[in-house]
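So you can see what is in the structure, the chains are spelled out below.
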Amino acid sequence: MAREVSAKPLPQHLLLKNARLIDVLNRRDEVTDILIKDGKIEKIGKIDQPGADTIDLSGKIVTHGFIDMHVHLREPGREDKETVWTGCNAAMAGGFTAIACMPNTTPPIDSPDTVLFVKSRAEKHLVDVYPVGCVSKNREGKELAEIGNLVEAGAVGISDDGDPVYNAEIMRRALEYVKMFNIPVIEHAEDKQLSNRGSMHEGFTSTRLGIRGIPSISEETIVARDILLAEYTGSRVHIAHISSGGTVRLVREGKKRGIKVTCEVCPHHFTLTDLAVENYNTFAKMNPPLREQKDVDEIKKGLQDGTIDIIATDHAPHTVEDKECEFDHAAFGITGLETCVGITLSDLVHKKVISLDSAIDKLAIAPRKLLNLPIPEFTAGALATFTILDLEKVWKYDVSQTCSKSVNTPYHNYEMRGKAIGVIHKNKIFME
Amino acid sequence: MELKSRHLLGLKGMSKEEIELILETAVSFKEVLNRPVKKVPTLQGFTIVNLFFEPSTRTRISFELAQKRLSADTINFASSGSSTSKGETLKDTAQNIESMKIDMVVIRHASAGAPAFLSERLKSNIINAGDGQHEHPTQGLLDIFTLTEKFGDIKGLHVVILGDITHSRVARSNIYGLKALGADVAVCGPPTLIPRHLEELDIKVYHHLDEAIQNADALNVLRIQLERQTSGLFPSVREYHRTFGVTREKLAKSKKAITIMHPGPINRGVELDSDVADSEHSVILDQVLNGVAIRMAVLYLLSSKK
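These numbers were taken from a predicted model, which means no experiment stands behind them.

1. A few points about the overall build of chain A
Here's step 1: On a plain count of helices and strands, chain A comes out with 13 helices and 19 strands.
Here's step 2: Buried residues in chain A amount to 63% of all 432 residues.
Here's step 3: Relative to all contacts within chain A whose residues are 6 or more apart in sequence, the contacts with residues 24 or more apart total 76%.
Here's step 4: As displayed, chain A offers around 15800 Å² of accessible surface, 49% of which is attributable to carbon and sulfur atoms.
Here's step 5: Distance between charge centroids for chain A: 3 Å, based on 53 positive and 62 negative side chains.

2. Some points on the domain arrangement of chain A
All names here are of chain A.
Here's step 1: Taken as a whole, chain A is organised into domain 1 (8-62 + 380-431) and domain 2 (71-80 + 104-371).
Here's step 2: The C-alpha-based centres of domain 1 and domain 2 are spaced at 28 Å.
Here's step 3: If you look at the interface, domain 1 gives 33 residues, while domain 2 gives 37 residues.
Here's step 4: Between domain 1 and domain 2, roughly 2900 Å² of surface is buried when both sides are summed, and carbon and sulfur atoms account for 61% of that area.
Here's step 5: At the junction of domain 1 and domain 2, the tally comes to 1 salt bridge.
Here's step 6: Among the salt bridges present, the one from Lys426 reaches Asp128, with a minimum N-O distance of 3.7 Å.
Here's step 7: Inspection of the region where domain 1 meets domain 2 yields 17 residue pairs in polar contact (both at pLDDT 80 or more).

3. Considering the sheet that holds strand β11 (residues 185-187) of chain A
Residues and elements named next belong to chain A.
Here's step 1: Taken in spatial order, the 5 strands of this open sheet run β10-β11-β14-β15-β16, and their pairing is parallel. In the strand order of this sheet, the two ends are held by β10 (158-159) and β16 (310-311), each with one partner.
Here's step 2: In this sheet, β16 lies alongside strand β15 (residues 261-265) in parallel orientation, the contact comprising 2 bridges. Bridge pairing links Val265 to Ile311 in β16.
Here's step 3: Across the sheet, helix α4 (residues 168-177) is in contact with β10, β11 and β14 (237-239); its angle to β11 comes to roughly 145 degrees.

4. A few points about the packing of helix α8 (residues 245-256) of chain A against helix α10 (residues 293-305) of chain A
All names here are of chain A.
Here's step 1: Between α8 and α10, the shortest axis-to-axis distance is 8 Å and the interhelical angle comes to 30 degrees. Compared by their axis directions, α8 and α10 come out roughly parallel. Of the residues in α10, those touching α8 at Gly245, Val248, Arg249 and Arg252 are Asp295, Glu298, Ile299, Lys301, Gly302 and Asp305.
Here's step 2: Along the lines of polarity and charge, the residues of the contact of α8 with α10 split into 2 nonpolar, 2 polar and 6 charged.

5. A few points about helix α6 (residues 137-151) of chain B
All names here are of chain B.
Here's step 1: With 15 residues, α6 should reach 21 Å at 1.5 Å per residue; the first-to-last C-alpha distance of 21 Å fits that figure.
Here's step 2: Burial of α6 is extensive: 11 of the 15 residues sit out of reach of the surface.
Here's step 3: Gly152 sits one or two positions beyond α6 and adopts a positive phi of about 80 degrees.

6. Focus: the interface of chain A and chain B
Here's step 1: Facing the 18 residues of chain A at the interface are 27 residues of chain B.
Here's step 2: For the pair chain A and chain B, the two sides together bury roughly 1800 Å², of which 53% comes from carbon and sulfur.
Here's step 3: When the buried surface of chain A facing chain B is broken down by residue, Phe204, Glu324 and Glu326 of chain A rank first, second and third, together holding 32% of it.
Here's step 4: Counting every contact that joins chain A to chain B gives 3 salt bridges.
Here's step 5: Taking the shortest distance from any N to any O, the salt bridge between Glu202 of chain A and Arg196 of chain B comes out at 3.7 Å.
Here's step 6: Linking chain A with chain B are 7 residue pairs in polar contact (both at pLDDT 80 or more), by the criterion used here.
Here's step 7: Split by residue class, the side of chain A that touches chain B holds 6 nonpolar, 5 polar and 7 charged.

7. With respect to the packing of aromatic side chains
Residues and elements named next belong to chain B.
Here's step 1: Applying the stated criterion to the full structure yields 9 aromatic pairs over all chains.
Here's step 2: When the ring of Phe234 is compared with that of Tyr240, the centres are 5.2 Å apart and the planes differ by 50 degrees; the resulting orientation is tilted. You'll find Phe234 and Tyr240 in the same group, each marked buried.
Here's step 3: Put simply, the rings of Phe234, Tyr240 and Phe244 touch in pairs and so form one group of aromatic residues.
Here's step 4: Cation over ring: Arg295 sits above Phe63, and NZ or CZ is 4.9 Å from the ring centre.

8. Here's the deal with the nonpolar core
Here's step 1: The biggest cluster of nonpolar side chains holds 99 residues, and the ones touching the most others in it are Ile99, Val129 and Leu303 of chain A.
Here's step 2: The residues that make up this core include at least three from each of domain 1 (8-62 + 380-431) and domain 2 (71-80 + 104-371) of chain A.
Here's step 3: Setting aside residues no more than four positions away along its own chain, Val129 of chain A makes contact with Leu73, Val84, Cys88, Ile99, Cys101, Val118, Lys119 and Ala122 of chain A.
Here's step 4: Ranked by size, the runner-up nonpolar core spans 61 residues in total, among them Leu11, Met14, Leu141 and Leu157 of chain B.

So, how was this worked out
Residues numbered from 1 in each chain as written. Chains lettered and ligands numbered in written order. Predicted model: local features only at pLDDT ≥ 70, side-chain atom pairs only at ≥ 80, totals over all residues. Heavy atoms only, no water. Helix = DSSP H or I, 4+ residues; strand = E, 2+ residues; numbered from the N terminus. Buried < 20%, exposed > 50% of the residue type's maximum accessible area, 1.4 Å probe, protein only. Contact = heavy atoms within 4.5 Å. Areas by Shrake-Rupley, 256 points an atom, 1.4 Å probe, with all protein chains shown as cover. Lys, Arg positive; Asp, Glu negative; His and termini not counted. Charge placed at Lys NZ, Arg CZ, Asp CG, Glu CD. Domains from an automatic or database assignment. Buried area = accessible area lost by both parts, 1.4 Å probe. Salt bridge = Lys/Arg side-chain N within 4 Å of Asp/Glu carboxyl O. Polar contact = N/O pair within 3.5 Å; in protein donor to acceptor, adjacent residues only side chain to side chain. Pairing = 2+ DSSP bridges. Axes fitted to C-alpha atoms, helices over the stretch in contact; angles between N-to-C directions. Parallel < 35°, antiparallel > 145°, perpendicular 65-115°, else oblique. Nonpolar A, V, L, I, M, F, W, Y, C, P; charged D, E, K, R; others polar. Expected span 1.5 Å × (residues − 1). Phe/Tyr/Trp six-rings, centres within 6.5 Å; stacked < 30°, edge-to-face > 60°. Lys NZ or Arg CZ within 6 Å of the ring centre and 35° of its normal. Core = buried A, V, L, I, M, F, W, Y, C linked by side-chain atoms within 4.5 Å.

Spelled out as structure tokens, the structure:
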């Protein structure tokens, strides 16, 4: 089902003409030419290079390559849903040059071997894959995983994502232990007792539909706990996929008090509400669930005032069978790699919730700072790692053309203004 | 006048006129049930499957009886446990039914939305016989039918639904149906068993039985599932009975005689005392007979909708 796509090797010289270059690190925003030689930036400025392969990017934007720090690649274990390769293809088609993948695979990424295995599957791809390792052995929340070994093999953070770190003592020790490595603990904030086997947000809609609800406090109590633990240990905690207005307020307050807390939000949590579940639409079932308009409003405020650092997708591919069934039996999660940039440009930038610079920061800079990854720069000699945007392109997402192995998205036919039209990285280019 | 939908998935969104049509049709079928020969040829040649994915005795028997009284051919399928544990998906079940050219499907399922799932995939008429905590529309209709027999007009009638509202599909269907007909609806129960935001349906919420029944004309007492106690939603059956159990003493404090209803099966001595259940104000057994009449009416009205 997945559409086959592949990146092309860059020619020895490639000239990008008339591109609007946005370098948010140096507050640079100008129309210019960029010459790439052997995959590296040779020169930026007014360039005439007869004979070089040239792409006219008039009206298009070239900026730092985007990274999605929250992706489920499903390999090893559920290659019927996604593989590292197809996930990377979807990332590339969606405008990302890098992804960080979550460790809830089978087996989970709790050993150096699995880290190396996942990385090796992406070696030849344009997209960089940075595995996140487990907090605890086998994600059981009982004993710390061999975090040092995981980091050495290439893990860029740790998380038991899919589940919270239930035990506050384990969480405390994880936060203390990672201080040696300067990596964040990424928390899936959810009190499973409060979630009580729910399948959607607890509110008026769940009451009407007769579906067990997951209350906002299920997320917020763990966020509050983790912020206190981060304060006490002086360590860094990153809250994954926040969904509620209450969480935004807690993180805002934590930051104000100087606690090292960061967070990310997924596009569905700033565009959809629990009303999307109407008619028992399992493509609107994810964890954390879609909440209410007041939560969406507070999340937008959080994006605006910097409380929310990062935009990530929580790309969670599932088979048709896992979704075409009773609502409470359906799997949680939706795909997101191919729609994230379009939705961000359309629903945040064009609607003036955040500036284009801020969107680029949340998609390219802030996640790399969090994970201690090199930030793609616009200086001569630097590796050319670009995302190319068409800010005005009006398009509709057609899931039948997806590069992912899975089609579980509520955004089929969703109309957007703004699209990632290409990426350049590792001496390769992908443009459709 | 006819029903708008070819399915009966719930009473939410159903108009006053549609509900009244079903009630009026049920009056004439109830008359059939009181004849010496209780069978009419109305649905001769119709095939109906009763899909019960959840244990049920009275609803299943009531539907089956209604179908037999209408001369339909019926097939029963019962399976406890979810369809996934059985190994066949609901989608496959649906496709099998479609291949067998079944005219109507009555479905009971533990998952809210399962009847809606079938309705999107089948040409047959779908009747919801209870889905999770969502709706149980024929129960709501038979409760309303029983109230009209007793009181005539529903408009302005004070009806209190008592017990575990959160997990009750009966409560939801009653609320939607009664509100459509202009009744004054209230619910009563411990806060742990009342879902959030229920007030948005324009109904009153009480946590004390004596307050709730002060002006009540009818009290619909829901069965309390004993497993709710072990999951921590109320402390003990004894305390539940003390606070919410319907007894003669508690009823004596209200101004008027209150009509007592119960969807069954009753936990005698828990939510309802025997002397109340068997009193002259109880219409519980009328509900059972009316259930057959209502189901005949629904089957008949939907049978002409393709």
